[in-house]
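Inside the fold
Chain residues, written in single-letter form:
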Amino acid sequence: MAEPAATINDDSAVTAETPKKELGPVFKVAAGPTKWLDDRIGLAGLGRPFFRKVFPDHWSFLLGEIALYSFIVLLLSGVFLTIWFKPSMSEVEYQGSYELLRGITMSDAYASTLDLSFDIRGGLLLRQMHHWAAMLFVAAMLTHSLRIFFTGAFRKPREVNWLIGVSLIGLGLVEGFAGYSLPDDLLSGTGLRFVDGLIRAVPLIGTWAEFFVFGGEFPGELIVPRLYMVHILLLPALILGLIAAHLALVVYHKHTQYPGPGRTNGNVVGYPVFPVYAAKAGGFFLIVFGVLTLMGATMQINPVWVFGPYNPAEITAGSQPDWYMGFVEGAIRIMPNWEWHIGSTTWSWNVFLPGIGVMTLFFGIMAIYPFVEAWVTGDKREHHVLDRPRNNPTRTAFGVAAMTCYAMLWIGGGNDLVATQFHVSLNAVTYFLRVAVFVAPVIAFLVTKRICIGLQRSDRDRMLHGAESGVLDRAPSGKYSERHRPISEGEAFALTQHEDLPALLPVAEVDGMSEKEIKSEQRRRRATRFYFMDTLRRPTRAEIEEAAHHHLHPMHLEGNGEHHAIEEVEEEEHHLAR
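This one's a predicted model, so the numbers in the text were calculated from it and none came from an experiment. (Residues numbered from 1 in each chain as written. Predicted model: local features only at pLDDT ≥ 70, side-chain atom pairs only at ≥ 80, totals over all residues. Heavy atoms only, no water.)

1. A short note on the overall build of the protein
Assigned secondary structure in the protein consists of 20 helices and eight strands. Counting all 578 residues of the protein, 40% fall into the buried class. A separation threshold of at least 6 residues defines the contact pool for the protein, and within that pool the share at least 24 residues apart is 74%. (Helix = DSSP H or I, 4+ residues; strand = E, 2+ residues; numbered from the N terminus. Buried < 20%, exposed > 50% of the residue type's maximum accessible area, 1.4 Å probe, protein only. Contact = heavy atoms within 4.5 Å.)

Put into structure tokens, the structure is as follows:
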């Protein structure tokens, strides 16, 4: 028989103590200054709500971060370039190390750009990093705006943040063009001449506006210094302020999130800013910085020494602007030659409408769309859970149609290169694009909407019948059917979380409504039918419960006789296999 276990007296018990956490070397160094700031300005109290702020985790949210990090790279590389660049149009004789241009008369701006490229240690790397970062900045902003548009992240309460984003894109385009024009090489001078034509095309005041901007006749001697001040001071300050406001509103409104289990308009499912999100953001910044450094070191961009200094009497064949301004040039290239001559004035609609008009239309439609959709739906609630693009087919179709129109204009900006590379007529390319810029978006709209509705049907079938298993069953009658397995609760939640927006019938009762209100309501209801008439409804609760019952008892619907017959067939096949 085993001896009884020894008992322990309370007198001999020792209280367990948790060892104190030892700070690492980095935290030890930071502890002193942090405590000093906390004692004087309450740093811990100010930062605690932000550090515990929760952000959801999804790869598409990184698009906005890429834009932010590329802007930081722009600021860092721009400071270096500012030290060495000379924003002057005074003529000098180049005596630098690039022999092919030695002895050529050029502006101080172009000469200093060549010195940066060939004589300043690290200058060419920083120049190319700066240019690539500008490209990435605009590309990331546009892609980020598409993500926001297609998922409905612009809805209440984020309309102001959407307008800030649209303003950032516009300022980014102008800032990129200003920096692109500073070197005063032949390519950038050609771009400036293009803008000079846009300014002249403004009805009635175009000539005076040109003299005001350029300080006299084109090119003048003031445009590079003026663009320099705009490029390094005015626009960066505006962009930095708008980015700060944009991020502040993201924190204030809390971040949007994709539909899923436990995610509602009243919460955020994700990770806190510190330490998880801060570590991820810091690592991602280093990745963006490294990729831009690699691109600047290995991928040549804007080799100004090949183009030579700007001369108004010369132009490069096949000259193209940076990609983000290609849609404006494309609109002008494919525009018919429409002009009015009234008295002593010329109204150049062939330049004004596709140039200034297209940009105004582009940003105007982007700015007002959230308010148009809110008017159509009549929805005044706050939205923090995103839409899947397929669940709003009309909005998604509008977005793809706009992208298609942009693509046609973008191709038009390189119509000469398309003609030479594909060995087709330049006129044929231009005539085709004049039609395609209107027809292609309509086709894209219709195709995209049908694809979205097809995806909705697929989701509905998956919800009600389960996921395809790839296993086929044969009934005694010879009929084949595929087994389906139930989907997870999380996936079912994501498939059914969207809202059904109604397509409203015309107003039947007009009591208490004025004629103006009746007309406005009729237009709104007609718009709802255009938006939501073809959209599939979510499965009802009864349909979902019936589908769940079917998954639990799959053979009950077939009848016992067929069930036993299937079992006999399976036993026979198993016997033959043995």
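Past the structure itself, the notes keep going.
2. Things to note about a nonpolar patch on the surface
On the surface, Val-435, Phe-438, Val-439, Ile-443, Val-447, Ile-451 and Leu-455 cluster together into a nonpolar patch covering about 650 Å² of accessible area. Along the chain, Leu-455 falls in helix α16 (residues 426-465). Residue class for Leu-455 comes out partly exposed when judged on its relative accessible area of 33%. (Patch = residues over 30% accessible without salt bridge, like charges linked within 9 Å, V, L, I, M, F, W, Y side chains within 5 Å. Areas by Shrake-Rupley, 256 points an atom, 1.4 Å probe, with all protein chains shown as cover. Salt bridge = Lys/Arg side-chain N within 4 Å of Asp/Glu carboxyl O.)

3. Brief notes about the pairing of strand β6 (residues 345-348)
Along any regular strand the residues' side chains alternate between the sheet's two faces. Looking at chain direction, strand β5 (residues 339-342) and β6 are connected through four bridges and run antiparallel. Bridged to Trp-340 within β6 is Trp-347. (Pairing = 2+ DSSP bridges.)

4. What about the packing of aromatic side chains?
Taken as a whole and assessed by the stated rule, the structure comprises 31 aromatic pairs. With a centroid separation of 5.7 Å and 35° between ring planes, the pair formed by Phe-85 and Tyr-228 is classed as tilted. Residue Phe-85 is located in the loop between α3 (62-84) and β2 (91-93), and its partner Tyr-228 is located in helix α9 (residues 223-253); the two are separated by 143 residues in the primary sequence. You'll find Phe-85 and Tyr-228 in the same group, each marked buried. Centre to centre, the rings of Phe-149 and Tyr-369 are 5.0 Å apart; their planes meet at 55°, and the pair counts as tilted. In this pair, Phe-149 sits in helix α5 (residues 123-151) while Tyr-369 sits in helix α13 (residues 349-377), placing the two residues 220 residues apart along the sequence. Residue classification places Tyr-369 among the buried positions, given a relative accessible area of 10%. Within the aromatic cluster, the residues linked to one another by ring pairs are Phe-149, Phe-150, Phe-154, Trp-162 and Tyr-369. The ring of Phe-530 carries the charged tip of Lys-449 above its face, separated from the ring centre by 5.2 Å. (Phe/Tyr/Trp six-rings, centres within 6.5 Å; stacked < 30°, edge-to-face > 60°. Lys NZ or Arg CZ within 6 Å of the ring centre and 35° of its normal.)

5. Observations concerning unusual backbone geometry
Of the consecutive residues Phe-218 and Pro-219, the connecting peptide bond is found in the cis state with omega at 0°. Considering the arrangement of structural elements, one finds Pro-219 in the loop between α8 (206-214) and α9. The amide bond that connects Phe-274 to the next residue, Pro-275, takes the cis arrangement and shows omega of 5°. Counting through the fold element by element, Pro-275 comes out in helix α10 (residues 273-298). In this structure, Asp-184 takes a positive phi of about 60° despite not being glycine. Along the chain, the position of Asp-184 falls in the loop between α6 (159-181) and α7 (186-200). A positive phi is found at His-423, a non-glycine position, where the angle reads about 55°. Topologically, His-423 is positioned in the loop between α15 (415-422) and α16. Classification of His-423 as exposed rests on a relative accessible area of 73%.

6. Things to note about the packing of helix α4 (residues 108-118) against α5
It is at 5 Å that the axes of α4 and α5 come closest, and there the two elements cross at 110°. In terms of orientation, α4 lies roughly perpendicular with respect to α5. Between α4, through Thr-113, Leu-116 and Ser-117, and α5, the contact on the second element is made entirely by Gly-123, Leu-124 and Arg-127. Class assignment for the residues of the contact of α4 with α5 results in two nonpolar, three polar and one charged. (Axes fitted to C-alpha atoms, helices over the stretch in contact; angles between N-to-C directions. Parallel < 35°, antiparallel > 145°, perpendicular 65-115°, else oblique. Nonpolar A, V, L, I, M, F, W, Y, C, P; charged D, E, K, R; others polar.)

7. What to know about the packing of α13 against helix α14 (residues 393-412)
For the pair α13 and α14, interaxial distance at closest approach is 13 Å and the crossing angle is 175°. Between α13 and α14, the crossing angle belongs to the class labelled roughly antiparallel. Mapping the contact onto sequence places Val-358, Phe-362, Tyr-369 and Glu-373 in α13 and Arg-395, Phe-398, Tyr-406 and Leu-409 in α14. When grouped by side-chain class, the residues that make up the contact of α13 with α14 number six nonpolar, no polar and two charged.

8. Re the side chain of Asn-161
The residue Asn-161 is located in helix α6 in this model. If we skip the residues at most four places from it in the chain, Asn-161 touches Ala-245, His-246, Leu-249 and Val-250.

9. Concerning helix α12 (residues 326-334)
Among the nine residues of α12, eight are classified as buried, and the element is accordingly described as predominantly covered. In this fold, the buried residues of α12 make contact with α7, α13, α14 and α16.

10. A few points about the nonpolar core
Note on soluble globular proteins: their nonpolar side chains tend to be buried together. Ranked by size, the top nonpolar core spans 63 residues in total, and within it Phe-137, Trp-162, Ile-239 and Leu-292 carry the most contacts. Ranked by residues supplied to this core, first place goes to α5 with 13 residues. Other than its neighbours up to four places away in sequence, Phe-137 contacts Ala-67, Ser-70, Phe-71, Leu-74, Gly-172 and Ile-239. The next biggest cluster of nonpolar side chains, apart from the first, holds 22 residues, and it includes Leu-126, Ile-199, Ile-223 and Leu-227. (Core = buried A, V, L, I, M, F, W, Y, C linked by side-chain atoms within 4.5 Å.)

11. What to know about the pattern of salt bridges
This model, assessed by the stated rule, comprises 20 salt bridges. Notably, a salt bridge pairs Arg-381 with Glu-499, separated by 2.7 Å at the nearest N-O pair. One end of the pair, Arg-381, is in the loop between α13 and α14; the other, Glu-499, is in the loop between α17 (489-496) and α18 (515-532), and 118 residues separate them in sequence. Exposure remark for Arg-381: the relative accessible area of 44% places this residue in the partly exposed category. Among the residues examined, Glu-499 registers a relative accessible area of 34% and is labelled partly exposed. A salt bridge links Glu-521 to Arg-524, with the shortest nitrogen-to-oxygen separation between them at 3.2 Å. Separated by three residues within a single helix, Glu-521 and Arg-524 lie in helix α18, roughly one turn from each other. For the pair Glu-521 and Arg-524, one class covers both residues: buried. Taken together, the shared-partner salt bridges in this structure form one network comprising Arg-155, Glu-373, Asp-387 and Arg-395.

12. What to know about the confidence of the model for the protein
Averaged over every residue, the pLDDT of the protein is 86; the share at 70 or more is 88%. The low-confidence segment residues 555-578, where pLDDT is below 50, has eight contacts with residues more than four positions distant or belonging to other chains. (pLDDT = per-residue confidence, 0-100.)

13. Re the side chain of His-231
Along the chain, His-231 falls in helix α9. Residue contacts for His-231: discarding those within four places in its chain leaves His-130, Glu-175, Ala-178, Gly-179, Leu-182 and Pro-236.

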